[in-house]
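Summary of structural features
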Amino acid sequence: MLEISGIDTSYGNLQVLWDVSLNIGEGEIVAVLGPNGSGKTTMLKSIMNLVSVKRGKIMFLGQDITGKPIHELTRLGLAFVPEERHLFPAMTVMENLLLGAYTIRNKKIIKETFNRVFELFPRLAERKKQYAGTMSGGERQMLAIARGIMSNPKMLILDEPSMGLAPQNVLAVFETIKKLSAEKVTVLIVEQNVNTTLTVADRAYVMEQGRIVMEGSSSQLQGDDHIRKMYMGIA
Amino acid sequence: MDMDSMQLFNIVLTGVLRGGLYALMAVGLSLVFGVMNIPNFAHGEFYMLGAYFSYFTYTYFHFGPISSILLAAVGTFILGAIAEKTLFYPLRKRSKKNWIMNTFLLTLGISIVLQNGAKMLWGNTYRGITQYWPGKVSIASFNISNDRIAGFCIAMVTIAIFWLFLNKTTMGRAIRAVSQDETGASIVGVNLNVIHTLTFALSCLLAGLAGAILLSISPAYPFMGVQPLYKSWFVLILVGMGNIGASIYGGLLVGLLETFAYMKFGSGWQDVVSLAIIIMILIFKPRGLFAKKGVKSVSE
C-alpha cells in the first residue's frame, strides 16, 4: 500500500535520513521504533511532504506521491496525526471534527463517521461544545486521532500517539489502534513506547541515526537481544 | 426630549452610522492579518478603488445604486485576487523569515502605486455624486439622509452574511482553521493557496464595498484611502489583532467615540482623542481590549 524506496532527507546541509526504505501492506499495523533523534518523525514528514525528499521515491496505492502537496495526500486517503497535534484551539470539538471531514462532500458519510468516532471516543461525544484549546493533553490526543479518522482514511499515520499521556490514556490509544485495524484501516505508527507498541503492531522497523537497522515481525523483535537491551531495559 | 438627551441621541445616532462603516473596513483588515499575517497598509486603496468603481458605473454607465455598489464589490474582489496571486503568492514561496515585515513593505508599495496610479488615470479631482437615494428620514427632529441609513444597513447586512459564511460554511471554517493552525489546516486537506487568495479578495471586497457605499458622503479621490486605513488600524489596535468578531464592536465603539469627541470638543479633536487612546492601549493593554485570552493562550 505504502512503499518508500531509498529516500534521503536533509534539513539544509544536515542529512537526517539515509537510504530509508519501508513497505506497508493493506490492513497491516506497522511500527517504526527508535530512540529520540533517530529520524522517525522526519520520515513521516517526508511522506507528508512537510520536508522535501532529496532522493528516492514514495508510492501510495501505486501512485508516486513524492513531493505532492499535503492537502492532496489527504484526498488520496492518507491521514496524518502529528505529534504536535495541530488542532484548531479556538474551535469546538465538533468544528475540529467537521474540518477533519473537509475532503468529504457526502453529508451521509460524514454523519456515519461521526457516529463511528463517538463510539471510539465517548469522551469526545460528551464534550462536543468544548474548545480544543481548553482540553487536557489526553483529550487533545484523542481529538487529533478522531480528526484523522473523520477523513475516512485508507491509511492512518500516527506520530508518537502516547507522548505525554497518562498510562490509562496510553492504553486507550492503543485499544483504538487495534479497533481501527479491525475495520481494515492500515496504520503506520511511530513510537518510543516499544513494549506496548509491539503488542499491537504486526511488524516493526527499527531506526537508528537516520537508517533502518532492523525489521521483522513483532514477536521476532520482542525476542531480539539488541531490542531487549536497548529499548526494554532487559539484559 | 430635553437638550442633553437630544444631544446624546444625536451622538449615538451619528456614531453608530459612522461606526458601521468602520466595522466593515476593520473586519477585512483583521481577517487578512489573522489568516495571512499580512499587516495590510493598502487596505485603504481598495476602499478608494471601490469608490471609483461605483462612481464610474453610476455616473457613466447609469447603473442603479445597488448594482453600482455590487459591481464595486465584485471589482475589488477580482483586483484583490489578482494582487494576491501576482504579489503575495510569489513572496510567500520565497520568504521564510520576516514575513510580516516583508509584507508590510509590499503593501506600503502597493498603496503608493495605487494612489499615484489613480492620480495619473483620473486626476487630482474629487469625483462624487450628490445622492444614491434622494431624500431624508426624520427621527426625533433629526434629519438623516437616506444614503446614511442605507449605507449603515448594507454594512450591517454584509457583516452578518460574512459572519454566517465564516461560521456556518465549510469554506468559512477552512478560513478560520488556517488562521488558527496552518499546518493543521493542510493536514485535513485545505489547500492553503486557495484560502489565501479567497481571504485577501474577500477583504478587498469589504473595503471596496465601504468605499462604494460612502460615495455620496466622501467623493472618490486618489488619496481618500488614508483616513479610513488609519481608522481601521485604530479599531484593530483597540480590540486586538485578528479578532474578527470584536472588530465589529470595535468599529461601532470608535464611531461613537469620534462623534462624541467631535461634538463635545469641536472638529479636529476626534483624532486627538483617538490617537491618545491608541497610545494608552499600546502602553497598558498591548494585546487589545478583547484579546481572546481563555482560548488562545492555552493552545499548543
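Residues numbered from 1 in each chain as written. Chains lettered and ligands numbered in written order. Predicted model: local features only at pLDDT ≥ 70, side-chain atom pairs only at ≥ 80, totals over all residues. Heavy atoms only, no water.

A word on the pattern of salt bridges
Residue and element names in this part refer to chain A. For the structure shown, the criterion picks out 14 salt bridges over all chains. Notably, a salt bridge pairs Glu139 with Arg123, separated by 3.2 Å at the nearest N-O pair. Of this pair, Glu139 sits in helix α6 (residues 137-149) while Arg123 sits in helix α5 (residues 122-126), and the two are 16 residues apart along the sequence. When its relative accessible area of 7% is taken as the criterion, Glu139 is described as buried. We note a salt bridge from Glu139 to Arg127, for which the minimum N-O separation is 2.9 Å. Of the two residues, Glu139 sits in helix α6 while Arg127 sits in the loop between α5 and α6, which places them twelve residues apart along the sequence. If you follow the salt bridges from partner to partner, you end up with Asp8, Asp19 and Arg55 in one network. (Salt bridge = Lys/Arg side-chain N within 4 Å of Asp/Glu carboxyl O. Helix = DSSP H or I, 4+ residues; strand = E, 2+ residues; numbered from the N terminus. Buried < 20%, exposed > 50% of the residue type's maximum accessible area, 1.4 Å probe, protein only.)

Thoughts on a nonpolar patch on the surface
Residue and element names in this part refer to chain B. A grouping of Tyr60, Phe61, Phe63 and Leu71 is seen on the molecular surface, where their side chains present a nonpolar patch of about 430 Å² in accessible area. Along the polypeptide, Leu71 turns up in helix α3 (residues 65-94). Judged by relative accessible area, which is 32%, Leu71 ranks as partly exposed. (Patch = residues over 30% accessible without salt bridge, like charges linked within 9 Å, V, L, I, M, F, W, Y side chains within 5 Å. Areas by Shrake-Rupley, 256 points an atom, 1.4 Å probe, with all protein chains shown as cover.)

A short note on the domain arrangement of chain A
Interface size is often expressed as the accessible area that is lost when the parts come together. Residues and elements named next belong to chain A. When its domains are assigned, chain A resolves into domain 1 (1-77 + 153-161 + 184-235) and domain 2 (84-152). A straight line from the C-alpha centre of domain 1 to that of domain 2 covers 25 Å. Every contact between the two is made by nine residues of domain 1 and, on the other side, ten residues of domain 2. With both chains or domains summed, domain 1 and domain 2 bury close to 740 Å², and 61% of this area falls on carbon and sulfur atoms. Put simply, domain 1 and domain 2 have one salt bridge between them. Applying the counting criterion to the domain 1 and domain 2 interface returns zero residue pairs in polar contact (both at pLDDT 80 or more). (Domains from an automatic or database assignment. Contact = heavy atoms within 4.5 Å. Buried area = accessible area lost by both parts, 1.4 Å probe. Polar contact = N/O pair within 3.5 Å; in protein donor to acceptor, adjacent residues only side chain to side chain.)

Observations concerning the sheet that holds strand β9 (residues 203-208) of chain A
All names here are of chain A. The strand order across the open sheet built from six strands is β6-β7-β8-β3-β9-β10, with neighbouring strands paired in mixed fashion. Both edges of this open sheet fall to β6 (78-81) and β10 (211-217), since each of them pairs with a single strand only. Strand-to-strand twist in this sheet, taken as the mean axis angle between neighbours without regard to direction, amounts to 15 degrees. Across five bridges, the pairing between strand β7 (residues 155-159) and strand β8 (residues 186-191) is parallel. Paired with Leu156 across the strands is Val187, a residue of β8. Together, β3 (29-33), β7 and β8 form the strand contacts of helix α7 (residues 167-182), whose direction differs from that of β8 by roughly 155 degrees. (Pairing = 2+ DSSP bridges. Axes fitted to C-alpha atoms, helices over the stretch in contact; angles between N-to-C directions.)

Focus: the environment of Trp233 of chain B
Residue and element names in this part refer to chain B. Checked against the element boundaries, Trp233 lands in helix α9 (residues 226-239). On the basis of relative accessible area, Trp233 is assigned to the buried category, the value being 9%. Sequence separation between Trp233 and Ala118 is 115 residues, and the spatial gap between their C-alpha atoms is 23 Å. Aside from chain neighbours lying at most four places away, what touches Trp233 is Leu29, Pro39, Asn40, Phe41 and Met241.

What to know about the interface of chain B and chain A
Contacts between the two partners involve 23 residues from chain B, matched on the other side by 27 residues from chain A. When chain B packs against chain A, close to 2,300 Å² is buried across both sides, 64% of that on carbon and sulfur atoms. The partner of Glu95 of chain A in a salt bridge is Arg176 of chain B, and the shortest N-O contact between them spans 2.5 Å. For the pair chain B and chain A, the interface holds six residue pairs in polar contact (both at pLDDT 80 or more).

What to know about the UniProt feature "transmembrane region" (unreviewed entry) in chain B
All names here are of chain B. Per the UniProt annotation, the sites labelled "transmembrane region" (unreviewed entry) are residues 20-39, 99-118, 149-166, 200-221, 233-256 and 268-284. End-to-end, the C-alpha atoms of residues 99-118 are 28 Å apart, and along that stretch the chain is 100% helix and 0% strand. The distance separating the terminal C-alpha atoms of residues 200-221 is 23 Å; by composition the span is 64% helix and 0% strand. (UniProt positions renumbered as here; feature names shortened; annotations may be inferred.)

A look at the pairing of strand β2 (residues 14-24) of chain A
Residues and elements named next belong to chain A. As paired elements, strand β1 (residues 2-11) and β2 share seven bridges and run antiparallel to each other. Following the sheet pairing, Leu2 is matched in β2 by Ile24. Taking the residues between adjacent antiparallel strands as the criterion, β1 and β2 are bridged by two residues, where Gly12 takes a positive phi near 60 degrees.

Comments concerning the packing of aromatic side chains
Inspection of the entire model under this criterion finds 18 aromatic pairs over all chains. For the ring pair Tyr55 of chain B and Phe56 of chain B, a centre distance of 5.3 Å and an interplane angle of 70 degrees mean the geometry is edge-to-face. Comparing Tyr55 of chain B with Phe56 of chain B shows no difference in burial state: the two are buried. Every member of this aromatic cluster is reached through a ring pair, and the members are Tyr52, Tyr55, Phe56, Tyr60 and Trp122 of chain B. Seen from the ring of Tyr102 of chain A, Arg105 of chain A lies directly overhead, with NZ or CZ sitting 5.8 Å from the centre. The ring of Tyr89 of chain B carries Lys85 of chain B above its face, with NZ or CZ at 4.9 Å from the centroid. (Phe/Tyr/Trp six-rings, centres within 6.5 Å; stacked < 30°, edge-to-face > 60°. Lys NZ or Arg CZ within 6 Å of the ring centre and 35° of its normal.)

Some words on the pairing of β1 of chain A
Residue and element names in this part refer to chain A. With seven of ten residues buried, β1 is to be regarded as a mostly interior element. In the sheet, β1 pairs with strand β4 (residues 53-60) via six bridges, with the strands oriented antiparallel. Its bridge partner being in β4, Thr9 is matched across the sheet by Val53.

Some remarks on helix α3 (residues 93-100) of chain A
Of all the eight residues making up α3 of chain A, six are buried; the element is thus mostly covered by neighbouring parts of the structure. The complete set of buried residues in α3 of chain A reads Val93, Glu95, Asn96, Leu97, Leu99 and Gly100 of chain A. Here the buried face of α3 of chain A lies against α4 (107-120), α5 and α6 of chain A together with α5 (146-168) and α6 (170-180) of chain B.

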